[in-house]
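In case you want the letters, here they are:
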Amino acid sequence: MSRGGRQGAPPGLLLRLAARGLRSGARQFVASCIIGGLGVIVLLAGLAVLPIATAQRDTQAARTPQPASAASDSGLLLETATSAYRGETIRGREVAVVGGSELRPPGLSEIPRPGQLVVSPALRDLLAVDPVLRERIPGTVVGVIARPGLVGPRELTYYAGVTAAELSADGVRVTTAFADPEFTDLAVPSEVRMGGPFISITFFLPVFSLFVIVALAGSERRDRRLSALRLVGLTARDVRLLAAVEAALMGVVAAALGGLAFVTSARTLAPHVPLGPGVWPTDVEIPWTGIVGAGLVLPFLSATVVDRAGRRARSMPTAGHAPAGTSLRAGRRLAVLATGVVLMVAAEPTRLVLGLDPAVAVLGLGCLLTMIGLCISAGPLARWSARAVNRRTSAVPGLVAAAQVGRRPDQSARVAIGMSLLVFVSGLLLSFFPLLSSSDAEAARDLAERVGGRAIIAQVSSASTVSEIAADEGVAAVIEAHVTGEGPGRSTMLTCPGIEQVAGDCTGPAARAVVAALRANQVVDFDLAPELVASVPLATWSEPVSQHSIVVLPRPSVDVEAVRTAVLRAGGTGEVLTTNERREVRMLETKVFREATLVALVLAALVGLASLTAGVLDSVQRQRRSLRMLHVMGVGRRDLGGALLRQCALAVGPTLVVAWVSGLLASVVFLRLNDTSTLTPPSTSVLGVLAAAAALPLIATALVIPRLNRLVQLRSPE
Amino acid sequence: MSGSADASGPLLLEARDLALSYGPTVALRGVSLGVARGEIVALVGPSGSGKSSLLHCLAGLVVPDSGNVFLDGTEVSRLSDDDRTRLRRDRFGFVLQFGHLVPDLTLAENVSLPLLLRGRSRVRALREAHALLDELGVAESAARCPGEVSGGQQQRAAVARALVAGPEVVFADEPTGALDTANGDVVMSLLTERSRERGITVVVVTHDHSRLAAVDRVIRLVDGATAAAA
Ligand SMILES: Nc1ncnc2c1ncn2[C@@H]1O[C@H](COP(=O)(O)OP(=O)(O)OP(=O)(O)O)[C@@H](O)[C@H]1O
Ligand SMILES: [Mg+2]
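Nothing here was measured: the structure is a model prediction, and the numbers come from that model.

### A short note on the nonpolar core
By size, the foremost hydrophobic cluster in this structure holds 182 residues, and its most contacted members are A:Phe424 and B:Phe171. Residue contacts for B:Phe171: discarding those within four places in its chain leaves B:Leu13, B:Leu55, B:Leu58, B:Ala59, B:Phe92, B:Gly93, B:Phe94, B:Val95 and B:Val203.

### As for the site of ligand 1
Neighbouring residues of ligand 1: 16 residues in total, closest B:Ser47, B:Gly48, B:Lys51, B:Ser52 and B:Ser53. Neighbouring residues of ligand 1 are not confined to one chain but are distributed across chains A and B. Taking B:Ser52, its side chain carries an N or O atom lying 2.8 Å from an oxygen atom of ligand 1. One nitrogen or oxygen atom from the side chain of B:Glu174 is found 3.5 Å from an oxygen atom belonging to ligand 1. When isolated, ligand 1 has an accessible area of 630 Å², and the protein chains bury 68% of it. Sorting the residues of the shell around ligand 1 by element identifies strand E2 (25–36) and helix H1 (51–58) of chain B as the ones contributing at least two each. When residues of the shell around ligand 1 are assigned to their parent elements, the largest contribution, three residues, is made by H1(B). For the shell around ligand 1, the class distribution of residues is four nonpolar, nine polar and three charged.

### Topic: the interface of chain A and chain B
By a frequent convention, interface size equals the accessible area lost on bringing the separate parts together. With 28 residues of chain A in contact, the opposing surface of chain B contributes 32 residues. Interface of chain A and chain B: buried area, both sides summed, is about 2600 Å²; carbon and sulfur atoms make up 62% of it. In this structure, the connection of chain A to chain B is made through four salt bridges. Across the salt bridge formed by B:Asp81 and A:Arg637, the nearest N and O atoms sit 3.6 Å from each other. Taken together, chain A and chain B are joined by five residue pairs in polar contact (both at pLDDT 80 or more). Elements with a contribution of two residues or more to the side of chain A that touches chain B: helix H11 (356–392), helix H12 (396–407), helix H21 (624–632) and helix H22 (637–673) of chain A. For the side of chain A that touches chain B, the residue count by class is ten nonpolar, nine polar and nine charged.

### Here we look at empty space enclosed by the protein
In this structure the tally under the stated criterion is four cavities of 30 Å³ or more. Looking at the largest cavity, its volume works out to about 190 Å³. Counting residues per element, the lining of the largest cavity draws most heavily on helix H20 (residues 588–622) of chain A, at seven residues. Here the residues of the lining of the largest cavity sort into nine nonpolar, six polar and three charged. Roughly 90 Å³ of volume is contained in the second largest cavity. Counting only elements with at least two residues in the lining of the second largest cavity, the list comes to helix H2 (81–91), strand E6 (92–95), helix H3 (107–117) and helix H5 (151–163) of chain B. By residue class, the composition of the lining of the second largest cavity is seven nonpolar, one polar and four charged.

### Observations regarding the pairing of strand E3 (residues 40–44) of chain B
Residue and element names in this part refer to chain B. Of all five residues in E3, five are buried; the element is thus mostly enclosed. Of the two faces of E3, the one lined by Ile40, Ala42 and Val44 and the one lined by Val41 and Leu43 are each fully buried. Alignment of E3 against strand E8 (residues 201–205), held across four bridges, turns out to be parallel. The residue bridging Val41 from the neighbouring strand is Val203, located in E8.

### What about the sheet that holds strand E9 (residues 217–222) of chain B?
All names here are of chain B. Strands sit in the order E6-E7-E8-E3-E9-E10 across an open sheet of six strands; the sheet is mixed. Each of the sheet's edge strands pairs with one partner strand only, and the pair in question is E6 and strand E10 (225–227). On average, adjacent strands in this sheet sit at an angle of 25 degrees to one another, irrespective of strand direction. Where H2 meets the sheet, it contacts E6 and strand E7 (169–173), and its direction lies at approximately 80 degrees from that of E6.

### Points about the side chain of A:Thr157
Residue and element names in this part refer to chain A. Along the chain, Thr157 falls in strand E6 (residues 157–161). At 2.8 Å, the side chain of Thr157 forms a polar contact with the side chain of Arg91. If sequence neighbours within four positions are ignored, Thr157 has contacts with Arg91, Val119, Ser120, Leu123, Ile145 and Leu150.

The rules we used
- Residues numbered from 1 in each chain as written.
- Chains lettered and ligands numbered in written order.
- Predicted model: local features only at pLDDT ≥ 70, side-chain atom pairs only at ≥ 80, totals over all residues.
- Heavy atoms only, no water.
- Core = buried A, V, L, I, M, F, W, Y, C linked by side-chain atoms within 4.5 Å.
- Buried < 20%, exposed > 50% of the residue type's maximum accessible area, 1.4 Å probe, protein only.
- Contact = heavy atoms within 4.5 Å.
- Near = heavy atom within 4 Å.
- Polar contact = N/O pair within 3.5 Å; in protein donor to acceptor, adjacent residues only side chain to side chain.
- Areas by Shrake-Rupley, 256 points an atom, 1.4 Å probe, with all protein chains shown as cover.
- Helix = DSSP H or I, 4+ residues; strand = E, 2+ residues; numbered from the N terminus.
- Nonpolar A, V, L, I, M, F, W, Y, C, P; charged D, E, K, R; others polar.
- Buried area = accessible area lost by both parts, 1.4 Å probe.
- Salt bridge = Lys/Arg side-chain N within 4 Å of Asp/Glu carboxyl O.
- 1 Å grid on protein atoms, 1.4 Å probe; cavity = no way out; pocket = protein on both sides within 12 Å on 5 of 7 lines; lining within 4 Å.
- Points joined across faces, edges and corners; volume = space filled by probe spheres on them.
- Pairing = 2+ DSSP bridges.
- Axes fitted to C-alpha atoms, helices over the stretch in contact; angles between N-to-C directions.

If you want it as structure tokens, here you go:
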């Protein structure tokens, strides 16, 4: 104490020691920084999603035509003709100028004249190489749609010039403005909004738990080094500070790495995002607050975690083994979990008494508590399972595993946390699927099932169009129905000339039934619920009905694309899609969300695997002496691997099962709150996630086996 | 106590011309020796002379670069890894310098491991382990984990673990190296006496010449080769 009674070591020395410590654990430091950096990237990407979705929705709103409320003699006539090509939706608009209007849709400097096209860059490239598509969308390309008219860089869309007379005949109203202030069509569905945070959690939590695991990996070596420093005379405070500084440094570097990577590459990579039409670089907002936040929170978190984990070891100058088997306060921890579950269950009664909003809040709180409960209960659950096994087994691998997990439940169960959160959240995430696929998409699927996936649906406005389509050699039959889009009802199919000849070619029970009935009665009641409604008797066909929906059945041997081209050329408009495509378009709003969810799940599973592997690796490293001794004593390598696998399973298994059950519960409650009690919760998909999660310990152990083999090799230095 | 590298009786364990190097470092250069059944042999020599390396070769832990090791006429150095593992499990016992007990198992459980490995039931294995720990004077610590007992007690448990299943040979690498003189004496005499009672062959590496009184023969290694005993 030559420094005037001052207790701590000189800061310079501490810094030097910290730097030395980082150098000796360089590999682990680098790994933590990279993983932490990945977590930050994921977080920032999550933060960027909503601005991107908003920007895309704004673009869509801005190009939505506003038909004039009163009759107007100046403006644009616009009619949609959406089609699909090789799985990509092509959004087309026929356009004609009325009264010399100066109105232009966003992204267009000139309105194409009849026979001319203005196309998106992606469609231009496709037209240049694809003659089939050129035949489908005939005309000379005279211009390219600019950025303001496109949702994403890969969007396939065009404006085709036609005469005003053609469109007026279809009863199209004059558009006097673009931009829909109350744009709801294709807007981010509310379920997706709710799902957003869950996706971020799915992404972020496992990455964060991996960061923690890696930050704590090699803690044994660090604790040994730190307690050696204590022996040399550093105070407990010095040593704590040292550990915290090292960990905080790790967090700072991780945040800086992640932030830097995102800032430099997000905009470059945006157009290549494999979701929907891609993302405009300018739609990507750099979430600076997120970067700064991560830079502050991550160092703090890692310092705290490392400090807490090493406290006991550092408080004693002789590290040895921390006395294990101390109380876990299992009761308190499980109480949190139980409270979460009870709250989730209470959500439904809450709705009956207080209404939906409080019920959603209760469910949210329940989920949050359940997730916290899962994190802190992993230890007690692992210890119970270890004790149960310990009482039964007399096989050495099982015994060793149970002893390790039983004595160090928290340490062992750490690897389970990320994965159990993943399983829990996936229950919720996957329950969005049945919810989203209800309504519209469900009806579209129904139609596809009734008339076959290859049948093309289109809008027509005259009987001559129908005749022209029916005359095409690829067409087996044309069925007409009036679509109003409301409630279930009846619809009547009208036939085309020549039904007698085509009857034999029709395949599929539904098509055959329609044709047979038509031949007998000429009028068929055929309820394509809930979309195809209203009865249009054959006799009314001659009257001019402004828009009819027709279902075109292609001959079995004919390419659908050829038939579609015939329909479009004959004057079919609207969504000229096969029933399968139509179904997909109906699900388009949810498609990006589904894809994002699946990507999230896969990524999270990979991260879960990585964290599990890191955990097993760390535990092998910690137990290397006893593992080696067991091998010396005649325990084969396979049995040592078995011991590791059992350890992993004991630590992860019970928490995973609890997470699965509570995740399903959350999903059931969620679906009930959304009045979709008829939908079954996604138990099979979640079971799949559970199975995948259960397979992860196997894979992680297998990945660690080479390291184990090297460790028990007696020729390698200790 | 003789200093020859060959035993007088029929050989249980025999090494012929063992050579072993770790990269450029030569650990053994042509060592031959024989150990008779029931004999207690000490390996001595300066640090780095190859004592541990020789012990590892004899025990089938390491395959020598050249030369052969025979146990009862079986060539150990020819066996597969699995077979050598089985051999160690069924016929050998080990004591290492720091005990290397499994930290999460109690002393009794640690001692019962070799019995469990040979298929004994849990209850019987624990009973036998307790009995032996009692005999070695650590009964009161049997239910504690290695981290909660002294180094001497750990090492006595390690001796118990080596002996409990009645092996043919016990290999001990500086079993008293980490202990003070008094504790070292106790552990060494427990090892030699109990082995002699049971007719177990012992190969023990030691630094401490004061412990050589209890052994039948001393083999001295210098620079990876046998030398005349001191
Ligand atoms: N795993 C290894 N890798 C490289 N060299 C090794 C290894 N193990 C031993 N050596 C070298 O082989 C030689 C013999 O080592 P060995 O451990 O057999 O000696 P020893 O007589 O047991 O020494 P000590 O009394 O110090 O334990 C030494 O030079 C040592 O440095
Ligand atoms: Mg040695």
